[in-house]
Amino acid sequence: MQTLIILGSIMMFLAVALGAFGAHALKRKLSADMIKIYETGVQYHLIHGLGIILIGLLADRLESSSLVMLAGWLLFAGIILFSGSLYALSVTGVRKLGAITPLGGVAFLAGWVMIIIAAL
């Protein structure tokens, strides 16, 4: 539980830092298309970083704490795969990195499904 709150807070710190980096350092260096891709990575990073914190807070309230913990780790994996691939794609221009992005999306979806199941 505490682990997820700490992990989520680290993810939020990184999301804010990467968002600021994109807004200030990358705006002049990347095309509008690549900035949009980068911003999508930051948006999902922020949302799911908050989600990890929320899941950490919920873990004590739900009986299926192992499912809740799994959900938190799935959201973390989603951030790494989804947002990470979008960051890398936008900075490098290597379109093949986009093939990784859906795996992160699946991890996000699976994490939220674990919360649904744990709540039921």
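The name an unreviewed UniProt entry gives the protein chain is DUF423 domain-containing protein, with Paenibacillus amylolyticus as the organism. According to UniProt, the comment filed for the protein chain under the heading Subcellular location (unreviewed entry) is "Membrane".

Novice: Break down the packing of aromatic side chains for me, citing the residues and quoting the values.
Specialist: Taken as a whole and assessed by the stated rule, the structure comprises five aromatic pairs. An angle of 45 degrees between the planes, with centres 5.0 Å apart, marks the rings of Y38 and Y87 as tilted. Highlighted residues: Y38 in helix α2 (residues 32–58) and Y87 in helix α3 (residues 65–92), separated in sequence by 49 residues. Between W73 and F76, the aromatic rings sit 5.8 Å apart at their centres with planes inclined by 90 degrees, giving edge-to-face as the arrangement. Here F76 and W73 lie together in helix α3, a separation of three residues that amounts to about one turn. Residue W73 is classed as partly exposed on the basis of its relative accessible area, which comes to 39%. You can call F76 partly exposed: its relative accessible area is 21%. Every member of this aromatic cluster is reached through a ring pair, and the members are Y44, F82 and F108.

Parameters at a glance
- Residues numbered from 1 in each chain as written.
- Predicted model: local features only at pLDDT ≥ 70, side-chain atom pairs only at ≥ 80, totals over all residues.
- Heavy atoms only, no water.
- UniProt positions renumbered as here; feature names shortened; annotations may be inferred.
- Phe/Tyr/Trp six-rings, centres within 6.5 Å; stacked < 30°, edge-to-face > 60°.
- Helix = DSSP H or I, 4+ residues; strand = E, 2+ residues; numbered from the N terminus.
- Buried < 20%, exposed > 50% of the residue type's maximum accessible area, 1.4 Å probe, protein only.

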